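Spelled out, the chains give:
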Amino acid sequence: MTQHFATGDYNASGDGYSAAATGGSGVMSSGPDSVGPGNDVTAEDLAGIFANRTPFLTAVLGAGIPYCTQWTQVNHVYFQLANTFFFLSYLAPNGLYGILYLRCTLLVGCAFFALWGWTVLCSFDAFLWNANFVAINFIHVCVLLYRLRPIKFTREVEEVYQALFRPLKVTRHQFKKVLDCMKMIRQLKYQEVYAQEKVTKVDSLSLVLSGKLVVSQNGRALHIVFPHQFLDSPEWFGVSTDEYFQVSVTAMEESRILLWHRDKLKLSIITDQFLQAVFDHILGRDVVKKLMQVSETMTAANSQNGHLANGLDDAEDKPMLIVKKSGDGPGITALINRQLQGIPRIRYYYCANDPNAWRLGRIEETDHETPV
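As the structure is a computational prediction, the values presented were derived from the model and not from experiment.

Student: Mind showing me how you'd approach a nonpolar patch on the surface here?
Tutor: There is a patch of nonpolar side chains on the surface, built from F87, L91 and Y101 and spanning about 310 Å² of accessible area. One can find F87 in helix α3 (residues 77-89).

Student: What is the right way to look at the packing of helix α4 (residues 96-119) against helix α5 (residues 124-147) in this model?
Tutor: Packed helix pairs are characterised by how far apart their axes lie and by the angle those axes make with each other. Between α4 and α5, the shortest axis-to-axis distance is 8 Å and the interhelical angle comes to 155°. Our classification of the angle between α4 and α5 gives roughly antiparallel. α4 and α5 meet at a crossing whose hand is left-handed. Of the residues in the contact of α4 with α5, the class split is 21 nonpolar, four polar and two charged.

Student: Could you clarify how one ought to interpret the environment of L207 in this entry?
Tutor: Its location among the elements puts L207 in strand β5 (residues 204-210). For L207, a relative accessible area of 0% corresponds to the buried category. Linking L207 and D232, residues 25 residues apart in sequence, is a C-alpha distance of 8.2 Å. Setting aside anything within four residues of it in sequence, one finds L207 in contact with V160, L164, H228, Q229, F230, R256, I257, L258 and W260.

Student: Please explain the confidence of the model for the chain as it appears in this structure.
Tutor: For residues with low pLDDT, the predicted coordinates do not support detailed interpretation. Looking at the chain as a whole, the pLDDT averages 73, with 63% of positions reaching at least 70. Long-range and interchain partners of residues 1-38, a stretch whose pLDDT sits below 50, account for 55 contacts in this model, where long-range means more than four residues apart. Long-range and interchain partners of residues 305-372, a stretch whose pLDDT sits below 50, account for 129 contacts in this model, where long-range means more than four residues apart.

Student: Can you help me understand the sheet that holds strand β4 (residues 193-195) in this one?
Tutor: In any sheet, the strands associate via hydrogen bonds between backbone groups, in a parallel or an antiparallel arrangement. Reading across the sheet, the four strands line up as β4-β8-β6-β7 and stay open at both edges, with antiparallel pairing between neighbours. Of all the strands in the sheet, the pair left with one neighbour each is β4 and β7 (220-225). When strand polarity is set aside, the average angle formed by the axes of neighbouring strands in this sheet is 30°. Judged from the two bridges that link them, β4 and strand β8 (residues 248-251) form a sheet pairing that is antiparallel. In the strand pairing of β8, A195 is matched with V249.

Student: Whenever I open this one, the sheet that holds strand β9 (residues 255-261) confuses me. Can you help?
Tutor: The three strands are arranged β3-β9-β5 in an open sheet whose pairing can be described as antiparallel. Edge positions in the sheet fall to β3 (182-188) and β5, since each of these pairs with one other strand and no more. The sheet shows a mean angle of 25° between the axes of neighbouring strands, taken without regard to direction. Note that β5 and β9 share six bridges and pair antiparallel.

Student: Would you mind showing me how to read unusual backbone geometry here?
Tutor: A negative phi holds for most residues other than glycine; trans holds for most peptide bonds. The phi dihedral of K169 falls on the positive side, at around 65°, and the residue is not glycine. Relative to the assigned elements, K169 resides in the loop between α6 (155-165) and α7 (172-179). Overall, K169 belongs to the exposed group, its relative accessible area being 68%. At H228, a residue that is not glycine, the phi angle is positive and equals roughly 65°. As for its placement among the helices and strands, H228 is situated in the loop between β7 and α8 (233-236).

Student: Would you mind showing me how to read the pairing of β7 here?
Tutor: Side-chain direction in a regular strand flips from residue to residue, so the side chains alternate between the two faces of the sheet. By the criterion of burial, β7 is predominantly enclosed, with five of the six residues buried. Pairing of strand β6 (residues 213-217) with β7, which is carried by five bridges, proceeds in the antiparallel orientation. Across the sheet, the residue bridging to S216 is A221, located in β7. Between the end of β6 and the start of β7, which pair antiparallel, lie two residues, with N218 showing a positive phi angle near 55°.

Student: Mind showing me how you'd approach the packing of α6 against α7 here?
Tutor: Contact pair α6 / α7: the axes reach a minimum separation of 12 Å and the direction vectors enclose 115°. Pair α6 / α7 crosses with right-handed handedness. Listed contacts from α7 to V157, E158, V160, Y161, Q162 and F165 of α6 are R172, F175 and L179. Grouping the constituent residues of the contact of α6 with α7 by class yields six nonpolar, one polar and two charged.

How each quantity is defined
Residues numbered from 1 in each chain as written. Predicted model: local features only at pLDDT ≥ 70, side-chain atom pairs only at ≥ 80, totals over all residues. Heavy atoms only, no water. Patch = residues over 30% accessible without salt bridge, like charges linked within 9 Å, V, L, I, M, F, W, Y side chains within 5 Å. Areas by Shrake-Rupley, 256 points an atom, 1.4 Å probe, with all protein chains shown as cover. Salt bridge = Lys/Arg side-chain N within 4 Å of Asp/Glu carboxyl O. Helix = DSSP H or I, 4+ residues; strand = E, 2+ residues; numbered from the N terminus. Axes fitted to C-alpha atoms, helices over the stretch in contact; angles between N-to-C directions. Parallel < 35°, antiparallel > 145°, perpendicular 65-115°, else oblique. Left-handed = near helix turned anticlockwise from the far one by under 90°. Nonpolar A, V, L, I, M, F, W, Y, C, P; charged D, E, K, R; others polar. Buried < 20%, exposed > 50% of the residue type's maximum accessible area, 1.4 Å probe, protein only. Contact = heavy atoms within 4.5 Å. pLDDT = per-residue confidence, 0-100. Pairing = 2+ DSSP bridges.

What follows is the structure in structure tokens.
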């Protein structure tokens, strides 16, 4: 039996075959001394076979494939540092910060490769390629740093962000996008009318930053709007900017209102489903709170045989909230008191004409008052 295979010169020192492998043929004849069926295999036979075996890659891929039998010395430290940073770049996490980390490590790795090609390898093309990679990654890093720059708001706006938007996982950059649609921050004086029913158009979205405002309809007080609540949240749903307010809004004290361009804001968030869902959630919750306030007020008034009406102060032409007193229980008086807690200029006192009625109005804080 004869077998043909490629051979190379074997290095007797034990390092393996020489790099100059030549294609040839070796002849193994089956004879009395060959390994084959019916013959016992001895240790000398195996040693002879493995001493003349063909290298694995040469046997698989064919003759003429070069391979290393002796490694050169380790490359320069610049080469090692470059590959170290490339290795670190593969560990980049997901997200925007992960991309920034990836770009930074690639930039440093390419910079060391450029330095290695310029000072050690003395190869201009290696330096030029890696210098271009450094420039490209540097531009990406600058863009990412600009996008990740810290965004600061004024104290009032920061409180709004922390109270309403941050709990819903809105980032500062997303809130900045919303804030870019802001029209102005309006200052309201005491008893200044913000919106008049059937006169003022619904062309803004208004958020109370500070102060308190009362919402009324046909001269009847409906509810009070406190800080971080919207004045026109019901108009957000299904009301166009050509329509008018169906209620009047009046400042109960000096207030500051944040106004957005309503149409501009809607166009800004219409392409962002997350922000659109956030605004629908916040404004929908605000509407529900207002409805609950009105419902509780009316229910408590009916249960206590009371009623909400507008009256005029004897001394001033101002809307009043008159509530019938019935018994000593909490009733509507306690309910409105909870709504109006923290308002320094509002107190309950007896009506002169009806000792059984409580009247809500603005009076000066003097010693002769009888607060409830």
